[in-house]
Amino acid sequence: MSGTLVARGLGKAFGDLVVLDGIDLEAQAGQVLAVLGPSGCGKSTLLRVLAGFEPPTSGEVLLDGRPVSGPSPQRGMVAQAGGLFPWLPLRDNLAFGPAASGRPAAEVREVVDELLSATGLDGFADALPKQLSGGMRQRASIAQVLANRPPVLLLDEPFGALDAQTRLRMHEWLLELLAERPTTTLLVTHDVEEALLLGDRLCLLSNRPATVVDTQPVPFGTGRGRAVLADPAFVRMKAAVLERVLTA
Amino acid sequence: MSAALLEDAVVAAQGDGRPARRATRWRRLLGFVVPLVLLGLWQVVAEVELLSPRLLPPPSVVAEQLWEFFFGDTGTLTLAGVVPFTGAGGDHLLSSLRRAGIGWLLAVGVGTLVGLMLGLSALARDLLDPVLNALRAVPIFAWLPLALVWFGIGEGAARALIFIGALWPVLVAVGDATSRVPRSYVETAQMLGTPRRWLWRKVYLPSALPEVVTGLRLSLTLAWTVVIVGELSGTTSGVGAMMNAARESGRTDQVVVGILVFAAVGLVADVLLRLATRRWVRWADA
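Residues numbered from 1 in each chain as written. Chains lettered and ligands numbered in written order. Predicted model: local features only at pLDDT ≥ 70, side-chain atom pairs only at ≥ 80, totals over all residues.

**Re the overall build of chain B**
Heads up, the rule is: Helix and strand assignments come from DSSP, with helices taken as H or I runs of at least 4 residues and strands as E runs of at least 2, each series counted from the N terminus. Every C-beta atom is placed from the backbone, and the number of other C-beta atoms within 10 Å of a residue's own sets its class: buried at 20 or more, exposed at 12 or fewer, partly exposed in between.
Scanning chain B from N- to C-terminus turns up 12 helices and zero strands. Tracing chain B from N to C terminus, the helices and strands come up as α-α-α-α-α-α-α-α-α-α-α-α. The proportion of buried residues among the 286 residues of chain B is 35%.

As structure tokens, this is what we get:
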């Protein structure tokens, strides 16, 4: 299976401001790597560099061993605000990627229909983004990117603006979705619970300039749901990781 | 699809707001109350001859003249001079519309091109902004003498004035709207695989359109306003020319007919433009 994303010695500076300082990380094919770090440490910048929106000042990004640069359908990114175009009905938003790469109309329709049902948005194909709830918009944004079948999915605090209950439902939905279509996922978040719930591995960043402090596996297995939240081992790990983030 | 997802689907579907829409419909009817009351008052004031009919002809007479203007027998000449009135309404209106339309389309074309340059290129902005701002500050009437010198009394001067008057709203709206297209839209489109040459049609244009349409509407209103300036400057056709001739021969009722025609056409044009563009700007409605 392909889709291994590697950052090697990745550095990014804006003028004198060094944001990323030699980041080394590896998102293994089909797995979820949760990147945790203190607020304002440069997590979003890291993701923007990985997505190709910003060129790195040093180092390189490799997808399956090949260096990559510039934005590409191979690395689908969803930001906190989502990526839906407000002027397009949901169906056209989901079709945007496949249509841009010139897929035949029938195939595009098939992909879109499938994603509409995978996101529970079957009845909203003709709705404009502003007519959807926050949770629906974020599911649709992820679907919009998945329509291109990217080997790599980059998520920048995609559920950060949602209330706690909706966020938990989104977590369970995303786990389900990724189980059905394994996609290498790099999830940037400041929410420890989110990281432990979704991640197969955890990557801890330091304060700015960000470096990788630690990488560790998350030992709670696949098929997690809200049940794991009450697991004493989960609670202990959450407290320990939170402590490390706060003192990073 | 899980039950949880169904739940928020239902919540979103309920946010349709039917009662609010019904209330708006009533509100719209309210808009007719004031004109009707004013019309009544106007008739009463004219009826008791509070003001001389020379200053304020009663609505009934104006209505009769309005009918004459469009549907009267062209054989009976009611106005001395070169500008016909009876039965000439259609011709005058067409001639005014053509004038405004040509000037407006010219303004839309030039305004869009220059606006795009300003919106996309910082260099163009730095070069042109000061000049354009200075030109924009010149009142439209100030161009009149120059337009008369350059283009002579009549058609050319009228078109030039309409063009200048209608140009600024388009230019400013297109420039502003394109320079303010959020970077995130462009990035998302590129990330989804949109080739650079398509960004225009796929992102910039639809994103800028609501603001551009507002500019087009304002510009159309201005074109229609400036038509009368152009026509008062000495054309022999057009609603403005008719009004000028009517004033010279003391026919206030016919002057009022002209005002009514201008109001009606302006209103209809605005509504038509809004309807024509509604599909593309619906997403930006509050």
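Back to the text.
**Digging into the interface of chain A and chain B**
The line we're drawing: C-beta atoms are placed from the backbone for every residue, and two residues are taken to be in contact when these atoms lie within 7 Å. Amino acids outside the nonpolar list (Ala, Val, Leu, Ile, Met, Phe, Trp, Tyr, Cys, Pro) and the charged list (Asp, Glu, Lys, Arg) are all regarded as polar, and Gly is one of them.
Contact residues are listed per partner, giving 28 residues for chain A and 21 residues for chain B. Put simply, the parts of the chain that give the side of chain A that touches chain B at least two residues each are β6 (75-78), α2 (90-100), α4 (134-146) and α5 (164-180) of chain A. At three residues, α2(A) tops the list of elements feeding residues into the side of chain A that touches chain B. Considering only residue class, the side of chain A that touches chain B consists of 15 nonpolar, 11 polar and two charged.

**Some details on the sheet that holds strand β4 (residues 58-63) of chain A**
Residues and elements named next belong to chain A. Note the following rule: For two strands to pair, DSSP has to find at least two bridges joining them.
Across the sheet, four strands lie side by side as β2-β1-β4-β5; this open sheet has antiparallel pairing. The two strands at the open ends of the sheet, each matched to only one other strand, are β2 (17-27) and β5 (66-67). Judged from the five bridges that link them, strand β1 (residues 5-14) and β4 form a sheet pairing that is antiparallel. Considered in β4, the bridge of G11 is made with S58.

**A closer look at the packing of helix α10 (residues 199-232) of chain B against helix α12 (residues 252-281) of chain B**
Residue and element names in this part refer to chain B. Cut-off, in case you're wondering: Axis definition: a line fitted to C-alpha atoms, limited for helices to the stretch in contact. Angles are taken between N-to-C directions and run from 0 to 180 degrees. Orientation is classified from the angle alone, with under 35 degrees giving roughly parallel, over 145 giving roughly antiparallel, 65 to 115 giving roughly perpendicular, and any other angle giving oblique. In a left-handed crossing the near helix is turned counterclockwise from the far helix by less than a right angle, and in a right-handed crossing that turn is clockwise.
Remark: α10 packs on α12, axes separated minimally by 10 Å, with the N-to-C direction vectors making an angle of 170°. If you check the angle between α10 and α12, you find them roughly antiparallel. By crossing handedness, the relation of α10 to α12 is classed as right-handed. Listed contacts from α12 to P206, L209, P210, V213, L216, R217, L220, T221, W224 and I228 of α10 are F262, V265, G266, A269, D270, L273, T277, W280 and V281. Tallied by class, the residues present in the contact of α10 with α12 amount to 14 nonpolar, three polar and two charged.

**Thoughts on the sheet that holds strand β9 (residues 201-205) of chain A**
All names here are of chain A. Overall, mixed pairing links the six strands, which are arranged β6-β7-β8-β3-β9-β10 in an open sheet. Looking at strand neighbours, the two that pair on one side only are β6 and β10 (212-217), the edges of this open sheet. The sheet shows a mean angle of 15° between the axes of neighbouring strands, direction not considered. Looking at chain direction, strand β3 (residues 32-36) and strand β8 (residues 184-189) are connected through five bridges and run parallel. Bridging from a neighbouring strand, V32 pairs with T185 of β8.

**Regarding the environment of B:L216**
Residues and elements named next belong to chain B. Here L216 is to be found in helix α10. Among the residues examined, L216 registers 24 C-beta atoms within 10 Å and is labelled buried. Look past the residues within four positions of L216 in its chain and what remains in contact with it is V108, V170 and L273.

**Focus: the domain arrangement of chain B**
Rules: Residue ranges for the domains trace back to a domain assignment, done automatically or taken from a database.
Each assigned domain of chain B is listed here: domain 1 (17-50) and domain 2 (64-284). Averaged C-alpha coordinates put domain 1 of chain B and domain 2 of chain B at centres separated by 29 Å.

**Observations concerning the pairing of strand β7 (residues 152-156) of chain A**
Residue and element names in this part refer to chain A. In plain terms, the rule: A crossover counts as right-handed when, viewed with the strands pointing away from the observer, the path leading from the first strand over the helix to the second turns clockwise.
With five of five residues buried, β7 is to be regarded as a mostly interior element. Residues V152, L154 and D156 of β7 are buried on one face, and the alternating residues L153 and L155, pointing to the opposite face, are buried as well. Direction of pairing for β6 relative to β7: parallel, over a ladder of four bridges. Paired with R75 across the two strands is V152, which belongs to β7. Taken together, the five bridges between β7 and β8 define a ladder with parallel strand orientation. Bridging across to β8, V152 finds its partner in T184. Read from β7 through α5 to β8, the crossover connection turns out right-handed.

**Some points on the pairing of β9(A)**
All names here are of chain A. Burial within β9 is extensive, with four of its five residues counted as buried. Direction of pairing for β3 relative to β9: parallel, over a ladder of four bridges. Across the sheet, the residue bridging to L36 is L204, located in β9. Across five bridges, β9 lies against β10 in antiparallel orientation. The residue of β10 that forms the bridge with R201 is P217. The turn linking β9 back onto β10 is made up of six residues.

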